[in-house]
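Analysis of the macromolecular model
Chain residues, written in single-letter form:
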Amino acid sequence: MNSNSPSQSSFSASLKRLLLIREDEWALVSRMFAFEFFQGASIALFFTSAFSLFLEFLQREQLPISELAKVFILSAFLLWFFGWLYARLEHLLTVKQITLSVLLFNAFSILAFRYFVSENEPSWFYYLMLAWFNVTYLLNNLEFWGLTSRLFDVRQSRRLFAIVSAGDIPAKFLGYFAAIVVIPLIGSHELLWIAAASSLFSLVFFHRLISLNAFQVELSGSHDTQGSHQPAGARVFYNLIAGNKLIRQVALISFFTLCCFLIVNFVFYGYVKEEFQSDKSLAVFIAWFLAASRACTLILKLLFTNRIADQFGIRRSLLITPVILAIVCIFSFMPSIFGNQHAAFYLFGVMAIIIDVLRSAIQSPVLLSTMQPLPLHQRLQGHTIMKGVMDPFAFFFVGTLLFSLYYIQGGLDLRLLSFVIIVTIALWIKWIFSADKNYLQTLTQAIKNRSLNEREILITDAESIEVLRRRISGGDESDAVFVLHLLKQQSFENKNELILQGLHHPSALVRQEAIKVISSIDKKEAANYLCELIKTEPDVNVLAGSIKMLPSVEKVVDVTPYLAHHDPIIAGAAITGILSNGISLHTEAALRKLKQFHASEVILERQCAAKIIGEVKDDSLLPLLFSLLRDADFEVASMAMKAACQFKNTGLAELLLKSFAGRNKSGIMSVISSCGPSVIPVVMNFIRSNPQAILVRKMIMILGKIEGKDAQQALDQLVEELPQHRDVLLHSLHQSGFHATGVWYPKYYNLTQGYMNAAAQIIFKIRFLQHAQEESLVAEALQLELDALRDTLLESFALLYDSGKIYKAAAGLKINSRDSVANALELIDQVADKEFSRPFICIYENRMIEDKCAELTLRFGEPYLSLQIIYRDILRDKSSDYYPWTKACVIYKMTKSKEAVDPVLVSPLQYSTNVLLRETATFAVSRNSERNFSGIES
């Protein structure tokens, strides 16, 4: 037995690789496959029996194939009812309860048909039996996909939906093949016993499935834990279809797909009925036909569907079925086909196989995977809409159409039906393109965005003005301030009245805000309001605001008396009002008072001087400001720094950089930022002169905030000059509005390639270090390096591709929930080139590191590694790709080992600007010297 174990293990590993199933997914996928196997066998046998009996009934009664249209119409009403019933129960029962209910219902309904089948059934029995097959298929579909959509995320759905749903295909193949042997011996009705037993036997595999840990969470709550527990009625479905574009488009694709399927099969089985005259020969042919199509479906679904979906994407995968079907359908218009019963029989037989195989193997799993980014409750309701609402519509539409055409024309025109198929395919293709577009939008929306979009508020009607009036006159301070903010940018009647109400508001903060708005109304009226307010206002800040504003609305008003006011805030307001509005008659007095404040020993007066200079923004006052920037009091210097921001003076910014390198860094950054594009040469000169300075990264971010080609060109140059700061450089490039197109594309493409290769090499190193268990510290440090590389790669993706979607994906990765990560990686896969998206997903997806290395080896090759090679690679880092923390960890591990530390690697790091790395390297070198000295003595 032991000798066979390695070969079995090798076969299992090869099978997983072939099917793209990962080790941690194998148990769940294999049990889902087995569970669906027996359900599929049951439904296949039920269909074979029911359809054979129905066609035999038509032959016996000499009825036309158009009677099949009645089955379609009856199926529509049954499907509507049971789809509605399932949706109601879905909110009331747990996952386990609803699944068991479906399995038992299907089994006992099949047994009931077997009990009542005889030689003398009423005619309606055959119609009901064949229509009931669609009911069992619907319930199985809803129950199975309800489970599947819960257990797999959007990334897994692309790989695994085809695999797990393929369980019914070999079952149907064996069922149809068994029918070929059994029907000639016992008749088609006896298959119902086997069908019912198969449905009951699936209970055993359902028990094995729910015993898995991955399933236990789903058993703890109701079947729709994430949605509202309101029962799903017609209005709920209508609102969901109307409000969610993706669900609406997927439902329409499903509708047109089923319409084509039903019409093609209707025509084909009409020819089948003419070709075979006995119940047994007819059933055997149907079994052979369906067994062949199931065999093709199984091969395609297991080996190719997941690869097709992964390689071609949603749109091109969904287009395969309608395009191939349309090409074959065109042949039905050829004169050699039309009118030739045998040729038409084979043509529609080919079409029936194509749509049956491709619909099951590609169309259904890919279509269902497009709804995986939706919230769970919408996903489940979307499945019900597809199968329980739109499929019945398709049955009803096709059944009514065929029935009407038959009785209007006295038969069915092959060319007319072919034309209907072509039109349906055209609509089918149209909605595929729409669904692909909205799939990307849904992925983007699925990643939680916690920022609120600003609303543009327009005040245009009397009711809105009345609301504002009540808000501004009420006691709520924040409401009144909000209204006054709106008034700054609005123009309408009664604006003066609202401002006046603000001036008389009990809150001083509201009155200050009203003063800021008052200049937007009539000047004389504003001056009268302010003069009245100055006489009665008790609050110092409101009074100061009024005095400051008054010269701007009425220059003839003399505010010089307030220059002598004992409160520096009031005197400062008068200075600002006079100097800001160029009142030459009083300028000399105002300047004299300003200089007095500047030279004062009172801190508050010097602060007022700095504030006044910032508000006046006169270059002649810069010498006074520069003096205040050097003030010994921190508050005065900070106020002066705020004032410097108002000047937007490049010379002042350069002077601050040279003279204040160690003081008030945030203030200096604010001054530089305020200067705009003119400061770019100053910033570039500082960065190049001080590449290791702490301020460099902040300087780079300032360049990013400056839009325009000059800033982009400067940042592009620094990308090559400062590799150690590339993470912030790439982010700043994006902030500046840069996009790597044209001549820039190869540079950033190659840069991204290099980062991807570095990330892949780190994965190999982490795996090696994990096997060497004592090296966990370095492995953890490399994991931090890998996380940092992820952010850098996303920044480079944002420069190459759709930056909005890339940043949404980055947000999803940071949220770090199972669904948000899957949606984020799927979004990256849709937006970025496969050359980058595939290895990125492999590296950062939550999966076993052995699987990651196996996949990365095919793309990058597996490097030869040892501890010495890893350590040397990290410490010899020339481009500063590794963080000082990682290098310090390596030096620490080398110091703790018995081997001597290589001084060639470690000694240069004693001069690092990073304190931790510098001290760790110094410690390692001294320890190494002690060991060498001890060795000499011994």
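Look up a bit, the structure's there.
For clarity, every value in this text was computed on a predicted model and none was experimentally measured. (Residues numbered from 1 in each chain as written. Predicted model: local features only at pLDDT ≥ 70, side-chain atom pairs only at ≥ 80, totals over all residues. Heavy atoms only, no water.)

What about the overall build of the protein chain?
Assigned secondary structure in the protein chain consists of 42 helices and zero strands. Here the protein chain holds 938 residues, and 55% of them are scored as buried. The long-range fraction of contacts in the protein chain, counting pairs at least 24 apart against all pairs at least 6 apart in sequence, stands at 76%. About 41,900 Å² of surface is accessible on the protein chain, with carbon and sulfur atoms providing 58% of the total. (Helix = DSSP H or I, 4+ residues; strand = E, 2+ residues; numbered from the N terminus. Buried < 20%, exposed > 50% of the residue type's maximum accessible area, 1.4 Å probe, protein only. Contact = heavy atoms within 4.5 Å. Areas by Shrake-Rupley, 256 points an atom, 1.4 Å probe, with all protein chains shown as cover.)

Side note on the side chain of His598
Position of His598 relative to the elements: it lies in helix H23 (residues 584-599). Here His598 falls in the buried class, since its relative accessible area comes to 18%. In this structure His598 touches Arg606, Ala609, Leu624, Ser627 and Leu628, once residues within four positions along its chain are discounted.

Digging into the environment of Ile583
By secondary structure assignment, the location of Ile583 is in the loop between helix H22 (568-580) and H23. Note on Ile583: relative accessible area 9%, which makes it buried. Residues Ile583 and Lys555, spaced 28 residues apart in sequence, show a C-alpha to C-alpha distance of 7.1 Å. For Ile583, the contacting residues outside a window of four places in its chain are Pro551, Lys555, Gly577 and Ile578.

Some details on the environment of Ser360
In this fold, Ser360 is placed in helix H13 (residues 341-369). As for Ser360 and Ala166, which are separated by 194 residues in sequence, their C-alpha atoms are 8.8 Å apart.

Describing unusual backbone geometry
In the Ramachandran plot, Lys617 falls in the positive-phi region, its phi being about 55° despite a non-glycine side chain. Mapped onto the fold, Lys617 is located in the loop between helix H24 (603-616) and helix H25 (622-629). Overall, Lys617 belongs to the partly exposed group, its relative accessible area being 45%.

Some thoughts on the packing of aromatic side chains
What the rule picks out here adds up to 36 aromatic pairs. Ring geometry for Phe82 and Phe105: centres 5.7 Å apart, planes at 50°, overall tilted. With Phe82 in helix H3 (residues 67-90) and Phe105 in helix H4 (residues 95-116), the pair connects residues that are 23 residues apart, well separated along the chain. On the accessibility criterion, Phe105 (32% relative accessible area) is partly exposed. Residue placement shows Arg359 over the ring face of Phe261; its charged tip is 4.5 Å from the ring centre. Here Lys430 stacks its cationic end above the ring of Trp431, 4.0 Å away from the centre of that ring. (Phe/Tyr/Trp six-rings, centres within 6.5 Å; stacked < 30°, edge-to-face > 60°. Lys NZ or Arg CZ within 6 Å of the ring centre and 35° of its normal.)

Looking at the state of the cysteines
Scanning the model with the defined rule gives zero disulfides in all. Left without a disulfide partner, Cys853 is nearest to the cysteine sulfur of Cys842, which lies 8.1 Å away. (Disulfide = S-S within 2.5 Å.)

Details of the nonpolar core
Among the nonpolar cores identified, the biggest contains 157 residues, and Leu625, Ile672, Tyr748 and Phe840 are the most heavily contacted of them. Ranked by residue count, the leading element in this core is helix H33 (residues 745-771), at twelve residues. The contacts of Leu625, once residues within four sequence positions are left out, are Ile613, Ala640, Ala643, Ala644, Phe647 and Leu652. Leu151, Ile314, Ile354 and Leu417 belong to the second largest nonpolar core, which has 133 residues in total. (Core = buried A, V, L, I, M, F, W, Y, C linked by side-chain atoms within 4.5 Å.)

Things to note about the packing of helix H2 (residues 26-61) against H3
It is at 11 Å that the axes of H2 and H3 come closest, and there the two elements cross at 135°. Classed by the angle they form, the pair H2 and H3 counts as oblique. Of the residues in H3, those touching H2 at Phe51, Phe54 and Leu58 are Glu67, Leu68 and Val71. (Axes fitted to C-alpha atoms, helices over the stretch in contact; angles between N-to-C directions. Parallel < 35°, antiparallel > 145°, perpendicular 65-115°, else oblique.)

Structural notes on empty space enclosed by the protein
Applying the stated rule across the entire model yields five cavities of 30 Å³ or more. The computed volume of the second largest cavity comes to approximately 80 Å³. Lining the second largest cavity are Ser254, Thr257, Leu258, Arg359, Gln363, Ser364, Leu367, Met386, Lys387 and Asp391. Contributions of two or more residues to the lining of the second largest cavity are made by helix H11 (245-275), H13 and helix H14 (376-409). Counting residues per element, the lining of the second largest cavity draws most heavily on H13, at four residues. Counted by class, the lining of the second largest cavity contains three nonpolar, four polar and three charged residues. (1 Å grid on protein atoms, 1.4 Å probe; cavity = no way out; pocket = protein on both sides within 12 Å on 5 of 7 lines; lining within 4 Å. Points joined across faces, edges and corners; volume = space filled by probe spheres on them. Nonpolar A, V, L, I, M, F, W, Y, C, P; charged D, E, K, R; others polar.)

Looking at the side chain of Ser109
Relative to the elements of secondary structure, Ser109 occurs in helix H4. A polar contact is formed between the side chain of Ser109 and the backbone oxygen of Asn106, at a distance of 2.9 Å. (Polar contact = N/O pair within 3.5 Å; in protein donor to acceptor, adjacent residues only side chain to side chain.)

Some details on the packing of H24 against H25
In contact at an axis separation of 10 Å, H24 and H25 are set at 135° when each is read in the N-to-C sense. The pairing of H24 with H25 is recorded here as oblique in orientation. Judged by the sense of rotation from one axis to the other, the crossing of H24 with H25 is left-handed. Residues Arg606, Ala609, Ala610 and Ile613 of H24 touch H25, and the partners they reach there are Leu624, Leu625 and Leu628. Looking at the contact of H24 with H25, its residues break down into six nonpolar, no polar and one charged. (Left-handed = near helix turned anticlockwise from the far one by under 90°.)

Quick word on the pattern of salt bridges
Under the definition given, this model contains 19 salt bridges. Close ionic contact of Lys70 with Glu67 constitutes a salt bridge, the shortest N to O distance being 3.0 Å. One end of the pair, Lys70, and the other, Glu67, are both in helix H3, three residues apart, so they sit about a helical turn from each other. Residue Asp873 is joined to Lys765 by a salt bridge in which the shortest nitrogen-to-oxygen separation is 2.2 Å. Of this pair, Asp873 sits in helix H39 (residues 867-875) while Lys765 is found in helix H33, placing the two residues 108 residues apart along the sequence. (Salt bridge = Lys/Arg side-chain N within 4 Å of Asp/Glu carboxyl O.)

Details of H22
The terminal C-alpha atoms of H22 lie 17 Å apart, and with 13 residues this matches the ideal 18 Å at 1.5 Å per residue to within 8%. Across the 13 residues of H22, eleven count as buried, placing the element largely inside the fold. The N-cap of H22, judged by a side-chain oxygen 2.9 Å from the amide nitrogen of Ile569 a few residues on, is Asp567. Immediately downstream of H22, the backbone of Gly582 shows phi near 60°, a positive value. (Expected span 1.5 Å × (residues − 1).)

A look at helix H32 (residues 726-735)
Listing the buried residues of H32 in full gives Arg726, Val728, Leu729, Leu730, Ser732 and Leu733. Those residues of H32 that are buried are in contact with helix H30 (696-705), helix H31 (709-721), H33 and helix H34 (776-800). After H32 finishes, the residue Gly737 shows a positive phi value of roughly 90°.

Overview of the environment of Val636
For Val636, the position within the fold is in helix H26 (residues 634-647). Considering only alpha carbons, one finds Val636 and Cys608, 28 residues apart in sequence, at a separation of 8.6 Å. When neighbours within four sequence positions are excluded, Val636 is seen to be in contact with Ile603, Arg606, Gln607, Ala610, Leu628 and Asp631.

Description of a nonpolar patch on the surface
On the surface, a nonpolar cluster with roughly 330 Å² of combined accessible area is contributed by Phe333, Phe419, Val423 and Leu427. Mapped onto the secondary structure, Val423 falls in helix H15 (residues 414-446). A residue is classified by how much of its surface remains accessible, and Val423, at 35% relative accessible area, is partly exposed. (Patch = residues over 30% accessible without salt bridge, like charges linked within 9 Å, V, L, I, M, F, W, Y side chains within 5 Å.)

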